[in-house]
Amino acid sequence: MGRKDWLYGRNVVLTGCSTGMGKEVLLILVKKYGCNVMGVARNKAKLDELKAELGDKFSYRRFNISSQEEWYKFAEELKAMNFGVDIVINNAGMIQPFTQYTDLPDDQAMKVINTNLLSIVYSCKAMIPLVKESQFGFICNVASASAILPFGGQAIYSATKGGVNGLTQSLVQELRGYGIGVCSIMPGPVKTDIYKAREGEAAGQQKADKLVEGQGITAATAGKRIVNAIGKRKIRVVLDGMAKMMDLGMRVCPRITVKLVAKAMKGASSFVSSFKPIFAEQIEKKDEIKAKIKGRKAVIKHDISQVAPGPFANDDLTNV
């Protein structure tokens, strides 16, 4: 028997299953492994198409994944219909516009927090009691390479994905004693609908999204790697080459890596208009900021000369 044979015929709850990586994961689980998948997504037309293609192996529910109450209701429904949950895959997510953290409207920030982080917090809380009943229990949460190396202009998105990774790795330790596997997936850019133009989105933002998407792997490749990671019951997967480079950079030389990324984004702001708000003030006040930084030493020397020594100034504090 192969390492992934345990996947055959399992019951799966999968969010964000109608497009992108989630759809590819769904197709593999049903077509290759004969899994029974309960999908959760918003687009009814796409869900109906998948139902027509996959038949009785696929069912779906549409509800607000940012609502804890809805997750508890969903859990009760699964119990009532005797859908024993073996695997939970929390894949649904969204990106934010590229902008400085302080300029992101509060309602947009909360939408990203609710969709990317709180939905997974609520899902795990509601689903773990069901997964504990399974002989094969496994939970997979899709985070992002932004959990490893956050990007300027994506502060809230990066914070949510870092939170997902932190939650997941804590659950790895909490649930291993039950025989339940838990895994966080950290992909770099993936060519999915998440980067396609959204209603009312500025042309500059669309250009930035295309720039990011152009560096990514396909959704089909990402889907295969996610299923492979679940099958091997891994606990942490950096999914692709770009994500692995980010991971290596932050492990070996984090300061230089962050500096290079910021410099590259600032340079790109001359032709990617949505990057401009992140760096516009810095570019406009470049000389003023440089002078302020250069004058630090003089200010520090002056401040030190004006401060009386503390009560322990003559003590040996080298081992503190």
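Below is a summary of the structure that appears in this document. Please read all numbers here as calculations on a predicted model, not as lab measurements. (Residues numbered from 1 in each chain as written. Predicted model: local features only at pLDDT ≥ 70, side-chain atom pairs only at ≥ 80, totals over all residues. Heavy atoms only, no water.)

1. A few points about the overall build of the protein
Quick reminder of the rule: Secondary structure is summarised from DSSP: a helix means a run of H or I of at least four residues, a strand means a run of E of at least two, and numbering begins at the N terminus for each. Only the protein chains shown count as cover for residues, with accessible areas throughout obtained via the Shrake-Rupley method and a probe of 1.4 Å.
What the protein contains, in helices and strands, is 12 helices and 9 strands. In the structure as shown, the protein presents an accessible area of about 17500 Å², 55% of it carried by carbon and sulfur atoms.

2. Observations regarding the side chain of Q96
Quick note on the threshold: Burial classes: relative accessible area under 20% of the type maximum marks a residue as buried, over 50% as exposed, and values in between as partly exposed (1.4 Å probe, protein chains only). Pairing of N or O atoms within 3.5 Å defines a polar contact, subject to two protein rules: one partner must be a possible hydrogen donor and the other a possible acceptor, and residues neighboring in sequence count only if both atoms are side-chain atoms.
In this fold, Q96 is placed in the loop between strand 4 (87-90) and helix 4 (106-131). Take Q96: its relative accessible area is 2%, and that puts it in the buried class. For Q96, the side chain forms a polar contact with the main-chain oxygen of G153, separated by 3.1 Å.

3. Points about the nonpolar core
Formally: Residues belong to a common nonpolar core when they are buried Ala, Val, Leu, Ile, Met, Phe, Trp, Tyr or Cys residues joined through side-chain atoms within 4.5 Å. By definition, residues are in contact when any of their heavy atoms lie within 4.5 Å.
Formed by 45 residues in total, the largest nonpolar core has its most connected members in V13, W71, F74, L78, V85, M127 and I139. Looking at this core, the elements with two or more residues in it are strand 2 (36-40), helix 3 (68-80), helix 4, helix 5 (155-175), strand 6 (181-186), helix 8 (241-252), helix 9 (254-268) and helix 10 (276-284). Looking at which element gives the most residues to this core, the answer is helix 4, with 9 residues. Residues in contact with M127, not counting those within four places in the same chain, are V13, W71, F74, A75, L78 and V88.

4. Some points on helix 2 (residues 44-54)
Operational definition: This arc corresponds to the set of directions leading from the helix axis out to the C-beta atoms.
Among all positions of helix 2, only L47, L50 and L54 are buried. The arc that holds the buried residues of helix 2, viewed along the axis, is 60°, so those residues lie on one side. For helix 2, the exposed residues lying more than 90 degrees away from the buried face are E49 and A52. Looking at the buried positions of helix 2, the neighbouring elements they touch are helix 1 (20-31) and strand 3 (58-61). Of the residues that open helix 2, the one with a side-chain oxygen 3.2 Å from the backbone nitrogen of A45 is N43. Backbone geometry just downstream of helix 2 places G55 in the positive-phi region, at approximately 70°.

5. As for the sheet that holds strand 1 (residues 11-15)
What counts here: DSSP calls a pair of strands paired once it identifies at least 2 bridges connecting them. The angle between two axes is taken between their N-to-C directions and runs from 0 to 180 degrees, where each axis is a line fitted to C-alpha atoms and a helix contributes only its stretch in contact.
A sheet is described by the order of its strands in space; here 7 strands give the open sequence 3-2-1-4-5-6-9, paired in parallel fashion. Looking at which strands have only one partner, the edges of the open sheet turn out to be strand 3 and strand 9 (236-238). The sheet shows a mean angle of 15° between the axes of neighbouring strands, direction not considered.

6. Digging into the packing of helix 9 against helix 10
Stated formally: Orientation labels follow simple angle bins: below 35 degrees gives roughly parallel, above 145 gives roughly antiparallel, 65 to 115 gives roughly perpendicular, and whatever is left gives oblique.
Where helix 9 contacts helix 10, the two axes come as close as 9 Å, and the packing angle between them is 90°. Viewed along their axes, helix 9 and helix 10 adopt a mutual orientation that is roughly perpendicular. Together, A262, M265 and K266 of helix 9 and I278, F279, Q282 and I283 of helix 10 make up the contact between the two elements.

7. Considering the pattern of salt bridges
Put simply, the rule reads: Basic side-chain nitrogens of Lys or Arg form a salt bridge, by our definition, when they fall within 4 Å of a carboxyl oxygen of Asp or Glu.
All chains considered together, the criterion is met by 10 salt bridges. For R10, the salt bridge is made with D86, and the minimal N-O distance between the two is 3.4 Å. Taken together, the residues R10 in the segment before strand 1 and D86 in the loop between helix 3 and strand 4 connect sequence positions 76 residues apart. When sorted by exposure, R10 lands in the same class as D86, which is buried. Among the charged side chains, a network of salt bridges with common partners joins E69, E70 and K73.

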